[in-house]
Amino acid sequence: MQRLLFPPLKALMGRQYLRLLARRAAPRAQCDCIRRPLGPGQYSTVSEVALQSGRGTVSLPSKAAERVVGRWLLVCSGTVAGAVILGGVTRLTESGLSMVDWHLIKEMKPPTSQEEWEAEFQRYQQFPEFKILNHDMTLAEFKFIWYMEYSHRMWGRLVGLAYILPAAYFWRKGWLSRGMKGRVLALCGLVCFQGLLGWYMVKSGLEEKPDTHDIPRVSQYRLAAHLGSALVLYCASLWTSLSLLLSPHNLPETRQLQRLRRFAHGTAGLVFLTALSGAFVAGLDAGLVYNSFPKMGESWIPEDLFTFSPILRNVFENPTMVQFDHRILGITSVTAITVLYFFSRRIPLPRRTKMAAMTLLALADLDEGIGN
């Protein structure tokens, strides 16, 4: 067909006009995204962004890149949840102070010979936990708590790599929008801060305190900060991933929907505060003060709630007050989640929103049952 048409066209129009016509008729590269007019400096596909920045073309269009980034952040949020769970197990087994040094690379290799294990055990014996609490511990018992803390630290390194290495790759490929770059930088920075905060917390339990013979433990303030930053990292990663993977619902902004949204935000803050109070309970071993529920001993309100001076110290340092506050916050959180569920039933919501409210209620009831 080209051989039949091109000679006459050349004769009638000339070569320059024919080249212009051929460029206009050339088919556009296929792309599974919808092009739409954007403002100055904005581009409809990732490949256009890469071309403007001088890095060449990118094979993935914007929607496909968003799905990849969303799945990556979803996996990252799962690794953070695993770190929180493993940290709780480490706390329950009282293993957190077994590793008395912190080296980013050096400590990745565990002891392999009997001599190395004995040297590690001798370092542990120089610190308050062994002298006061575990002075009769054997080497085999030490290996157990050491491996628990080692697993927690290595998992933390895995979390850091899961964030930083893919982030660098996606950044180089041009798969991150300008706004997403800021979020990813914040998440990677929070991961690094989380690791440093973990060692800062452990260090507080290794310090000598000549004026007390209490059981060595980490600072409850640092423990709460360590847990709180992990929860912020988890929620931010999960929220960002779901915003990329799930299409938003266009719901009418009714008064009921606005009230539901505000109540959901308040409930989320209440749950976060309850979790932080749990860190204070763990840091002070306050859960062992009273083992009866709903009463604390023989009373609804214990008499030793305000034994510390000034009064504000009781909220953070008095084990009785810390346990009392955690119970009140826990009951209030479960109540708020229950109200949120029934409130959501009265409003026409998407199916996945209803499923989320039902799952939240089930998890809250399960947690309350385990806690009691």
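So, here is what we can say about the structure in this document. The model shown is predicted, which means the values in this text are computed figures rather than measured ones.

### Regarding the nonpolar core
Phe-121, Tyr-124, Met-137, Phe-142, Trp-146 and Val-322 are the most contacted members of the largest nonpolar core, which has 25 residues in total. Elements represented by at least two residues in this core include exactly helix 5 (114-124), helix 7 (139-173), helix 8 (178-206), helix 9 (220-245) and helix 10 (255-284). The leading source of residues in this core is helix 7, at five residues. Formed jointly, this core draws a minimum of three residues from each of two domains, domain 1 (62-246) and domain 2 (247-371). Ignoring anything within four residues of it in the chain, the contact list for Val-322 reads Ser-277, Phe-280, Val-281, Leu-284, Ala-286, Asn-314, Val-315, Phe-316 and Glu-317. By size, the runner-up hydrophobic cluster in this structure holds 22 residues, among which are Val-69, Leu-73, Cys-188 and Leu-233.

### Considering the pattern of salt bridges
Counted under the stated rule, the structure contains eight salt bridges. We note a salt bridge from Glu-208 to Lys-131, for which the minimum N-O separation is 3.4 Å. Here Glu-208, found in the loop between helix 8 and helix 9, pairs with Lys-131, found in helix 6 (residues 128-133); they are 77 residues apart in sequence, far enough to count as distant. For Lys-131, a relative accessible area of 46% puts it in the partly exposed group. A cluster of three or more residues bridged by salt bridges with shared partners is formed by Arg-91, Arg-217 and Asp-285.

### A closer look at the packing of aromatic side chains
Throughout the structure, instances matching the rule amount to 19 aromatic pairs. A ring pair is formed by Tyr-169 and Phe-170, whose centres lie 5.8 Å apart and whose planes are at 65°; its orientation type is edge-to-face. Taking 5.6 Å as the distance between ring centres and 50° as the angle between the ring planes, the aromatic pair formed by Phe-280 and Phe-316 counts as tilted. Here Phe-280 is found in helix 10, whereas its partner Phe-316 is found in helix 11 (residues 312-317), with 36 residues between them in sequence. For Phe-316, a relative accessible area of 31% corresponds to the partly exposed category. Joined through ring pairs, the aromatic side chains of Trp-117, Phe-121, Tyr-124, Phe-130, Phe-142, Trp-146, Tyr-147 and Tyr-150 make up one cluster. A cation over an aromatic ring shows up here: Arg-222 above the ring of Tyr-200, its NZ or CZ 3.7 Å from the ring centre.

Rules used in this analysis
- Residues numbered from 1 in each chain as written.
- Predicted model: local features only at pLDDT ≥ 70, side-chain atom pairs only at ≥ 80, totals over all residues.
- Heavy atoms only, no water.
- Core = buried A, V, L, I, M, F, W, Y, C linked by side-chain atoms within 4.5 Å.
- Buried < 20%, exposed > 50% of the residue type's maximum accessible area, 1.4 Å probe, protein only.
- Helix = DSSP H or I, 4+ residues; strand = E, 2+ residues; numbered from the N terminus.
- Domains from an automatic or database assignment.
- Contact = heavy atoms within 4.5 Å.
- Salt bridge = Lys/Arg side-chain N within 4 Å of Asp/Glu carboxyl O.
- Phe/Tyr/Trp six-rings, centres within 6.5 Å; stacked < 30°, edge-to-face > 60°.
- Lys NZ or Arg CZ within 6 Å of the ring centre and 35° of its normal.

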